[in-house]
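Geometric and topological summary
Given next are the chains, with one letter for each unit.
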Amino acid sequence: MLELQNICYRVSTPEGEMDILRDISTTIPDQRLMVFTGPNGGGKTTMAKVIMGLAEPTSGQILYNGQDITHLSITERARLGISYGFQQPPRFKGITVHDLLRLAAGKEKLSKDQCANDYLDREVDVSLSGGEVKRIEIATVLARRGSLMIFDEPEAGIDLWSFARLTETFEQIHREHQATMIIISHQERIIQLADEIAVIAGGRIAHRGTTEEILPLILADTLGGCPVLNREEARS
């Protein structure tokens, strides 16, 4: 179980202090699929980074399975089974996709359900397109088979065929109770997979509820007057 208790995150700007996250408290039970959505700049990615340890909260506490992980490093959190897929994945010159996936999985033999089988012998460098690197990073997260998987807009930059496979993979992981998943997304098809949706706006959880409760409000654009769902993307 993941628990966030009174999480705040503040940054300094030329104009003064700015609160990115404002006293967020929430609990995500094990083996749930939670989607964070909301208007751009609302704090979704920052909250995900705080959970992973990429950013340290100004105040508040993070508990994972009862353990305080607020001040643990990224590596320590990874050892606890927490993994993260970036919105803009890094590249690794000199390492092949096969080696990267093997390191992530911790074993020599890779399963065939990864999203990057077409690229196994290629290096993770500038020769790959943005969409290809995105598929590879998603495959790396899946290969770890952690207990908590965080994906920041996994649909960004991948083609429709890859997106279909991705949603099928999310469905399978959830159906088989393999992990807790937190997915940041504006894509209706991903949002529909969720057990619960949290709409994050203005650094707060503005709304939280089941898909049946929240999705109709998102589709009607009635949550605070800010469009949440990318309409054109949702129709693709």
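Computed from a predicted structure; not experimentally measured.

1. Quick notes on the overall build of the protein chain
Helix and strand content of the protein chain: eight helices and twelve strands. The burial tally for the protein chain puts 47% of its 236 residues in the buried class. A separation of at least 24 residues holds for 65% of the contacts in the protein chain among residues at least 6 apart in sequence. When the accessible surface of the protein chain is split by element, carbon and sulfur atoms take 48% of a total near 11300 Å².

2. Looking at the nonpolar core
Residues L2, F36, M47, I51, L148, I150 and I182 are the most contacted members of the largest nonpolar core, which totals 25 residues. Not counting residues up to four positions away in its chain, the partners in contact with I150 are A48, I51, M52, I82, S83, Y84, G85 and I182. Residues L142, M181, L193 and I218 belong to the second largest nonpolar core, which totals 24 residues.

3. Focus: the sheet that holds strand β4 (residues 59–64)
The strand order β2-β1-β4-β5 describes an open sheet built from four strands, whose pairing is antiparallel. If you trace the sheet from one side to the other, it starts and ends with β2 (16–28) and β5 (67–68), each paired once.

4. Details of the sheet that holds strand β12 (residues 204–210)
Either a parallel or an antiparallel arrangement is found when strands of a sheet pair, and the pairing is made through backbone hydrogen bonds. Sheet architecture is open: six strands sit in the order β6-β9-β10-β3-β11-β12, paired in mixed fashion. Since the sheet does not close on itself, it has two edges, and those belong to β6 (82–85) and β12, each with one partner. Geometrically, the sheet is characterised by an average inter-axis angle of 15° between neighbouring strands, direction not taken into account. Pairing analysis gives five bridges linking strand β9 (residues 148–152) to strand β10 (residues 180–184), with the strands arranged parallel. Paired with L148 across the bridge in β10 is T180. Contacts between helix α1 (residues 44–52) and the sheet are confined to β3 (33–37), β6, β9, β10 and β11 (196–201), with β6 contributing the most and set at about 145° to the helix. Strand contacts of helix α5 (residues 160–175): β3, β9 and β10, with the helix running at about 150° to β10, the strand carrying the most contacts.

5. Let's talk about the pairing of strand β1 (residues 2–13)
Relative to β2, β1 runs antiparallel, the two being bridged by nine bridges. Its bridge partner lying in β2, E3 is registered against T27. Hairpin remark: β1 followed by β2, antiparallel, with two residues in the connecting loop. For β1 and β4, the ladder comprises five bridges, and the chain directions are antiparallel. Bridging across to β4, L2 finds its partner in Y64.

6. Re helix α7 (residues 211–219)
Of the residues making up α7, those classed as buried are T211, I214, L215 and I218. For α7, the angular spread of the buried residues around the axis is 100°, confining them to a single face.

7. Thoughts on unusual backbone geometry
For N6, which is not glycine, the phi dihedral falls at a positive 55°. The residue N6 is located in strand β1 in this model. One non-glycine residue, H177, lies in positive phi territory at about 55°. Within the secondary structure, H177 sits in the loop between α5 and β10.

8. Remarks on the confidence of the model for the protein chain
Where the model shows low pLDDT, its predicted coordinates should not be examined in detail. The predicted model of the protein chain has a mean per-residue pLDDT of 84, with 87% of residues at 70 or higher. Model confidence for the protein chain, summarised as mean pLDDT per element, is weakest for helix α8 (residues 231–235) at 39 and strongest for β4 at 97. In the predicted structure, residues 230–236 sits below a pLDDT of 50 and forms 13 contacts with residues beyond four places in sequence or in another chain.

9. Notes on helix α3 (residues 97–105)
Turning to α3, its buried residues are V97, L100, L101 and A104. Down the axis of α3, the buried set is contained in an arc of 95°. They therefore lie on one face. Immediately downstream of α3, the backbone of G106 shows phi near 75°, a positive value.

Calculation rules
- Residues numbered from 1 in each chain as written.
- Predicted model: local features only at pLDDT ≥ 70, side-chain atom pairs only at ≥ 80, totals over all residues.
- Heavy atoms only, no water.
- Helix = DSSP H or I, 4+ residues; strand = E, 2+ residues; numbered from the N terminus.
- Buried < 20%, exposed > 50% of the residue type's maximum accessible area, 1.4 Å probe, protein only.
- Contact = heavy atoms within 4.5 Å.
- Areas by Shrake-Rupley, 256 points an atom, 1.4 Å probe, with all protein chains shown as cover.
- Core = buried A, V, L, I, M, F, W, Y, C linked by side-chain atoms within 4.5 Å.
- Pairing = 2+ DSSP bridges.
- Axes fitted to C-alpha atoms, helices over the stretch in contact; angles between N-to-C directions.
- Arc of directions from axis to C-beta.
- pLDDT = per-residue confidence, 0-100.

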